[in-house]
Amino acid sequence: MTAMSKSAFKKIVDHIILNHTMDYVSTRENVEEVINFHYSTTNLPLHNVKNLKGEKQKDRWLQFFKNNPISYSISKEKIKLNLNNFSKDADIISHEFDNSFMMDFEIIEELLVRSLKGNIGAVIPLLLVFSNSAVNGIKAGSYFIDGDSLELVKLQNWDSKLIDENRFNINNKGNIPSNLAIAYAIDIKRSLAVDGRRGYIRGLIEVGSSSNFFKECIKNSNLKIPLIDYCSLDFSGNPMTFLCGLNVRLAPIALLQWFGLRKVE
């Protein structure tokens, strides 16, 4: 048995032991309950939900909920916040991307390597590429970002027809905002192994931490091009997870983080 095959064999054995341990620690009941809860929080795409059809109607509902008190206790002690000390002319950054720009692989490499330092065990990060002309040397598809081996592992190949057929699953408005995104999936079993059912909350917190770390990497990078990003929940959970090549029950995608070159008017 060669050194390479020994290493591969050890990896398989470790994987089997890890899965068996997580099955034993997390218990089937906890896993099933958290999975059922997760999917009870996911909805159809907004364009299919009749009572939220249209942005104006959605805004009216949000305004209505905003006026609903979160506490019915009445306190006379109030502290006024003075906004006059802060600039009201802060730059508003557009979230419109320049999809005509082909990014060098070295840019993606720098962002991913820097952001992997913030990657945590309960989160499965994916690089999503929606065009063959998005990044030099990378074809359209989904890639697992392996922080241990520092590799991009391709999960699914996408062509333009498949992307177009799933455009409302990718973004509820039917358009693809950018050719690049990071998807964050929760490893249900891994998140429950340590903290039980409360581990699901830990998984959500780690998704937020990972996306914020990636945002900071974009903001503080040494790159000379104006990159922007924003996070979105405007996707259809099950179809998007399936499209990316993950198990829809055990590794659901919880967040998309679109990024790319800012479009200059």
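Coordinates for the structure precede this section.
Residues numbered from 1 in each chain as written. Predicted model: local features only at pLDDT ≥ 70, side-chain atom pairs only at ≥ 80, totals over all residues. Heavy atoms only, no water.

On to helix α7 (residues 188–195). Of all the residues in α7, the buried ones are I188, K189, S191, L192 and A193. Immediately downstream of α7, the backbone of G196 shows phi near 65 degrees, a positive value. (Buried < 20%, exposed > 50% of the residue type's maximum accessible area, 1.4 Å probe, protein only. Helix = DSSP H or I, 4+ residues; strand = E, 2+ residues; numbered from the N terminus.)

Another aspect to go through is the pattern of salt bridges. According to the stated counting rule, one finds four salt bridges in the structure shown. Residue E96 pairs with K263 through a salt bridge whose shortest N-O separation is 3.4 Å. Within this pair, whereas E96 is found in the loop between α3 (55–66) and α4 (105–115), its partner K263 is found in the segment after β6 (253–261), the two being separated by 167 residues in sequence. Relative accessible area serves as the criterion here: at 37%, E96 is assigned to the partly exposed category. By relative accessible area, K263 is classed as partly exposed at 36%. (Salt bridge = Lys/Arg side-chain N within 4 Å of Asp/Glu carboxyl O.)

In the structure shown here, the tally under the stated rule is four aromatic pairs. On the numbers, 6.0 Å between centres and 25 degrees between planes, the contact of F97 with Y230 is stacked. Placement of F97 in the loop between α3 and α4 and of Y230 in strand β5 (residues 227–232) is noted, with a sequence separation of 133 residues between them. With a centroid separation of 5.2 Å and an interplanar angle of 70 degrees, the aromatic rings of F214 and F259 are classed as edge-to-face. Note that F214 is positioned in helix α8 (residues 199–219) and F259 in strand β6, a separation of 45 residues in sequence. When its relative accessible area of 1% is taken as the criterion, F259 is described as buried. (Phe/Tyr/Trp six-rings, centres within 6.5 Å; stacked < 30°, edge-to-face > 60°.)

It is worth spelling out the environment of A251 at this point. Assignment of secondary structure puts A251 in the loop between α9 (237–243) and β6. Residue A251 is classed as buried on the basis of its relative accessible area of 7%. Remark: the alpha-carbon pair of A251 and T241, spanning ten residues in sequence, is separated by 7.7 Å. Apart from the residues lying within four places of it in its own chain, the contact partners of A251 are I124, A185, I186, T241 and L246. (Contact = heavy atoms within 4.5 Å.)

Formed by 29 residues in total, the largest nonpolar core has its most connected members in I108, L111, L127, L180, I182, F214 and F259. Elements represented by at least two residues in this core include exactly α4, β1 (123–129), β2 (141–146), β4 (180–186), α7, α8 and β6. The contact partners of L127, leaving out residues within four places of it in the chain, are I108, L112, I138, G141, S142, Y143, I145, L152, A181, I182 and F259. With 22 residues, the next largest nonpolar core counts I124, W158, I228 and A251 among its residues. (Core = buried A, V, L, I, M, F, W, Y, C linked by side-chain atoms within 4.5 Å.)

Turning our attention to α4. Those residues of α4 not exposed but buried are I107, I108, L111, L112 and S115. On an axial view of α4, the arc spanned by its buried residues comes to 120 degrees, and they lie on one face. (Arc of directions from axis to C-beta.)

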